[in-house]
Amino acid sequence: AVGVELKTEERELVGKPLLKRVMQKWLPAGDAVLEMIVLHLPSPAKAQAYRVDTLYEGPLDDKTATAIRTCDTSDGAPLCMYISKMVPTSDKGRFYAFGRVFSGKIATGQKVRIMGPNYQPGKKTELWVKNIQRTVIMMGRYTEQVADIPAGNTCALVGVDQYLLKSGTICTEDDAHTIKTMKFSVSPVVRCAVEPKNSADLPKLVEGMKRLAKSDPMVLCYTEESGEHIIAASGELHLEICLQDLQKDFMGTEVKVSDPVVSFRETCETKSTETCLAKSANKHNRLFVEADTIGPELSLAIDDGDIAPGSDAKVQGRKMADEFGWDVTEARKIWAFGPDGTGPNLFVDTTKGVNYLLEIKESVVAGFAWACGNGPLAEEQMRGTRFNLMDVVLHADAIHRGMGQLMPTARRVCFSSLMTASPNLLEPVYLCNISVPQDAMGNVYGVLTRRRGHVFSEEQRPGTPQMTLLAYLPVMESFGFTADLRSQTGGKAFPQCSFDHWEPMTGNPFVEGNKCHETILAVRKRKGLKDGVPDMRHYIDKL
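Throughout, residues of each chain are indexed from 1 in the direction in which the sequence is written. In keeping with the predicted nature of the model, local features appear solely for residues at pLDDT of at least 70, side-chain atom pairs appear and are counted solely at 80 or more, and the whole-chain, interface and lining totals rest on all residues. Side-chain descriptors were evaluated using all non-hydrogen atoms of the structure, hydrogens and water having been removed beforehand.

Caption draft 1: Structural context of the overall build of the chain. The helix count covers DSSP runs of H or I at least four residues long, the strand count covers runs of E at least two residues long, and both are numbered beginning at the N terminus. Along the chain, the regular secondary structure elements total 15 helices and 26 strands. Taking the principal axes of the C-alpha coordinates as reference, the chain spans close to 95 × 65 × 55 Å. Each residue gets one of three labels from its accessible area relative to the maximum for its type: buried under 20%, exposed over 50%, partly exposed in between, using a 1.4 Å probe on protein chains only. Out of the 543 residues belonging to the chain, those deemed buried represent 43%. In this description, contact between two residues means that some pair of their heavy atoms is separated by no more than 4.5 Å. Long-range pairs, those at least 24 residues apart, make up 69% of the contacts in the chain between residues at least 6 apart in sequence. Throughout, the Shrake-Rupley method with a 1.4 Å probe supplies accessible areas, and for residues the shown protein chains are the sole cover considered. For the chain, the exposed surface amounts to about 28,100 Å²; the carbon and sulfur share of it is 53%. In this tally, Lys and Arg are treated as positive and Asp and Glu as negative; His is ignored, and so are the chain termini. The atom standing in for a charge is NZ when the residue is Lys, CZ when it is Arg, CG when it is Asp and CD when it is Glu. Taken as two groups, the 64 positive and 68 negative side-chain charges of the chain have centres that lie 3 Å from each other.

Here it is in structure tokens:
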């Protein structure tokens with residue numbers, strides 16, 4: 001009836017293999033997918049006309065933007081190409097830079113400007129002018145070398161991998177801007193430390209981690225202050241794949257892997273109970289600071305870049321007053337965002353008429369940034385806090401209020417004010433999308449409850465027995481979750497996890513016997529810090 005011819009040995013098959021073979025012959029996946037792409041996705045010539053506004057960073061009327069808009073392939077048209085990822089080659093340690101040509105032609109031996117993701121027009125940083133060694137077309141598992149490739153196609157370049165880390169833009173015009181970098185909706189929250197089994201392989205490991213960071217746009221590879229090599233990925237499965245790649249392709253030797261570790265954030269939940277004071281080492285300067293919380297909405301707005309450092313103080317002050325209920329004058333006097341100058345912690349100057357205040361601004365901000373990077377509870381980053389500078393007593397002589405006096409003082413006063421504002425840990429939480437047939441649903445609930453997760457929505461797919469459950473699951477409980485879930489439901493449940501939000505942990509960090517306290521002790525032990533949650537009295541000075 002379907003018009004499928006079976007060979008003699010295929011007629012012997014029964015049940016599932018037979019059905020599979022019939023379907024393979026009747027509806028081959030390759031043809032179906034290709035036809036779908038051809039019918040439904042717009043051609044480059046059509047698509048780039050409306051995509052250029054979102055893709056291109058520079059002015060939308062310069063030569064390069066116009067060429068992208070018309071998908072210009074004529075000779076002498078300005079070249080613009082976006083490198084989206086690095087593909088490892090058979091040759092160990094070298095990469096093809098893979099990407100798409102948006103305008104012009106890219107040719108072997110052509111002289112181009114290679115721009116990194118942080119390139120600013122007119123500056124010399126992250127800009128290289130080099131020749132392209134070879135252009136190749138990636139055809140499935142084969143690579144074909146060609147002379148030139150016109151706009152609208154994807155291709156790979158040889159010899160660019162030494163300049164770019166993960167992505168970048170290649171162009172010929174001097175005034176061309178970069179193409180916007182891809183943003184990922186997930187943040188790397190699962191980390192593990194790796195060390196070589198054989199200490200002689202350490203250089204190999206460092207080199208391997210560099211290559212891993214190149215080939216995967218999501219991974220973070222860095223070295224902790226304690227000397228551990230950390231690989232951070234977005235989930236357990238992602239981490240596993242990265243470690244496989246590291247051992248098989250990039251190193252060729254075994255590595256020892258610590259248990260996966262979750263990053264936390266420190267925060268406060270109320271206003272400080274008292275104004276905290278810290279004196280500088282020479283006892284001549286005093287800072288009075290109170291901590292307060294800014295709420296999850298504002299933290300998210302800062303993460304998304306709606307509220308950003310360096311934008312116009314008056315406009316932003318108005319916006320913060322309208323949307324987040326801040327006092328306008330305070331919102332205009334935000335000194336700094338931290339950590340890294342962009343994070344969701346604020347240092348606000350609420351003082352009135354203090355002499356020499358701006359002279360110490362830099363030192364205080366530096367101390368604040370240091371405090372936000374490693375908080376007092378477990379040396380994790382802070383999130384969602386604001387510090388109000390209430391009053392300052394300074395020495396009249398400039399020598400006695402230098403960076404060395406005020407920076408540690410500012411850090412200490414941030415710590416003490418956070419400790420008096422009922423501090424807490426935030427843990428990352430996954431949004432789990434689980435599809436499961438109705439008969440196995442009870443087991444899913446069981447597994448989730450054991451792991452402190454909770455389901456907040458369930459809906460049935462119309463016409464099928466499949467249910468789709470949406471649940472929140474703390475990341476620290478997610479290790480082995482997939483395996484556990486499959487063994488409980490006989491492989492019927494399919495979970496997909498993605499990072500969703502930060503959630504405060506239950507319990508008071510100063511009282512023993514709750515989750516928050518245990519977590520802090522565990523993290524401190526892992527990092528080799530002093531035992532026990534630090535006491536407030538460490539940081540608060542007497543008048």
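Caption draft 2: Structural detail: the pattern of salt bridges. What makes a salt bridge here is a side-chain nitrogen of Lys or Arg within 4 Å of a carboxyl oxygen of Asp or Glu, nothing more. In the structure shown here, the tally under the stated rule is 16 salt bridges. A salt bridge links Lys333 to Asp349, with the shortest nitrogen-to-oxygen separation between them at 4.0 Å. Highlighted residues: Lys333 in the loop between α10 (328-332) and β19 (334-338) and Asp349 in strand β20 (residues 345-349), separated in sequence by 16 residues. Judged by its relative accessible area of 7%, Asp349 is buried.

Caption draft 3: Highlighting helix α3 (residues 29-40). Along its twelve residues, α3 runs 16 Å from first to last C-alpha, staying within 8% of the 16 Å computed at 1.5 Å per residue. By the criterion of burial, α3 is predominantly exposed, with just zero of the twelve residues buried. Between the first and last residue of a helix there are one fewer steps than residues, each counted as 1.5 Å, and that sum is the expected span.

Caption draft 4: The nonpolar core, seen in detail. By nonpolar core is meant a set of buried Ala, Val, Leu, Ile, Met, Phe, Trp, Tyr and Cys residues that side-chain atoms within 4.5 Å join together. One finds Met81, Ile83, Val101, Ile106, Leu157, Ile170 and Ile231 to be the most contacted residues of the largest nonpolar core, which totals 42 residues. For this core, the element with the highest residue contribution is helix α7 (residues 236-251), accounting for six residues. When neighbours within four sequence positions are excluded, Met81 is seen to be in contact with Gly99, Arg100, Val101, Phe102, Ile106, Cys155, Leu157, Gly168, Thr169 and Ile170. Among the nonpolar cores identified, the runner-up in size contains 39 residues, and Cys276, Phe368, Leu377 and Cys516 belong to it.

Caption draft 5: Expanded view of the environment of Glu10. You can see Glu10 is positioned in helix α1 (residues 8-11). On the accessibility criterion, Glu10 (7% relative accessible area) is buried. In this structure the C-alpha to C-alpha distance between Glu10 and Arg21, which are eleven residues apart in sequence, comes to 7.9 Å. For Glu10, the contacting residues outside a window of four places in its chain are Glu5, Leu18, Arg21 and Lys25.

Caption draft 6: How the structure looks around the sheet that holds strand β17 (residues 276-279). Here the rule is simple: two strands pair whenever DSSP picks up at least two bridges between them. One open sheet accounts for five strands, arranged β17-β18-β22-β20-β19; its pairing is mixed. What marks the edges here is a single partner per strand, and that holds for β17 and β19. Direction aside, neighbouring strands of the sheet carry axes that sit 25 degrees apart on average. With four bridges joining them, β17 and strand β18 (residues 286-293) adopt antiparallel strand pairing. Following the sheet pairing, Cys276 is matched in β18 by Val289. Whenever a helix is involved, its axis is fitted only over the stretch in contact; in every case the axis is a line through C-alpha atoms, and angles between N-to-C directions fall within 0 to 180 degrees. Strands β18, β19, β20 and β22 (385-393) of the sheet are contacted by helix α11 (residues 357-373), whose axis makes an angle of about 25 degrees with β19.

Caption draft 7: Spatial organisation of the environment of Gly490. Relative to the elements of secondary structure, Gly490 occurs in the loop between α14 (481-489) and β26 (494-504). Considering only alpha carbons, one finds Gly490 and Asn443, 47 residues apart in sequence, at a separation of 9.9 Å.

Caption draft 8: Structural detail: the sheet that holds strand β7 (residues 142-146). Strand order in the open sheet formed by eight strands is β5-β4-β10-β1-β2-β9-β6-β7, with antiparallel pairing between adjacent strands. The sheet is open, and its two edges are formed by β5 (127-131) and β7, each paired on a single side. Along the sheet, successive strands turn relative to each other by an average axial angle of 35 degrees, direction set aside. Two elements, strand β6 (residues 134-139) and strand β9 (residues 154-158), share three bridges in a ladder whose sense is antiparallel. The partner of Arg134 across the bridge, within β9, is Val158.

Caption draft 9: View of helix α5 (residues 63-70). For α5, the set of buried residues is Thr64, Ala65, Ala67 and Ile68. Summarising the axial view, the buried residues of α5 lie within an arc of 160 degrees, below the 170-degree limit, and thus occupy one face. When the buried face of α5 is taken as reference, the exposed residues oriented beyond 90 degrees from it are Lys63 and Thr70. Where α5 is buried, its residues touch α4 (44-55), β1 (80-88) and β2 (95-103). Directly after α5, the chain includes Cys71, whose backbone phi takes a positive value near 55 degrees. Summarising the geometry, the arc corresponds to the directions from the helix axis toward the C-beta atoms.

Caption draft 10: Spatial organisation of the state of the cysteines. Note on terminology: pairs of cysteine sulfur atoms within 2.5 Å are recorded as disulfides. Under the definition given, this model contains zero disulfides. Its sulfur unpaired, Cys80 is 6.4 Å from the next cysteine sulfur, which belongs to Cys171. Here Cys80 falls in the buried class, since its relative accessible area comes to 0%.

Caption draft 11: Broad picture of the packing of aromatic side chains. Pairing of aromatic side chains here covers Phe, Tyr and the six-membered ring of Trp, requires ring centres within 6.5 Å, and sorts the geometry by plane angle: under 30 degrees stacked, over 60 edge-to-face, intermediate tilted. Evaluated as defined, the whole model comprises five aromatic pairs. Ring plane angle 75 degrees and centroid distance 5.9 Å describe the contact between Phe368 and Phe387, whose orientation is recorded as edge-to-face. One end of the pair, Phe368, is in helix α11; the other, Phe387, is in strand β22, and 19 residues separate them in sequence. The pair Phe368 / Phe387 is uniform in exposure class, with both members buried. An aromatic cluster of three or more residues is present, and its members are Trp335, Phe347, Phe368 and Phe387. Here the guanidinium or amino end of Arg386 rests over the ring plane of Trp326, the centre of that ring lying 4.1 Å away. Positioned above the aromatic ring of Trp370, the side-chain terminus of Arg411 is 4.1 Å from the ring centre. Think of it as a cone above the ring: NZ of Lys or CZ of Arg counts as a charge over the ring if it is within 6 Å of the ring centre and within 35 degrees of the ring normal.

Caption draft 12: Structural detail: the side chain of Arg386. Here Arg386 shows up in strand β22. Given the relative accessible area of 9%, Arg386 is considered buried. A polar contact of 2.6 Å, which involves the side chain of Arg386, links it to the side chain of Glu330. The contact partners of Arg386, leaving out residues within four places of it in the chain, are Glu290, Ala291, Asp292, Thr293, Ile294, Trp326, Glu330, Leu346 and Val348. The definition of a polar contact used here is a pair of N or O atoms within 3.5 Å, where within protein one atom must be able to donate a hydrogen and the other to accept one, and adjacent residues in sequence count solely through side-chain atom pairs.

Shape is all these values report; function is a separate question.
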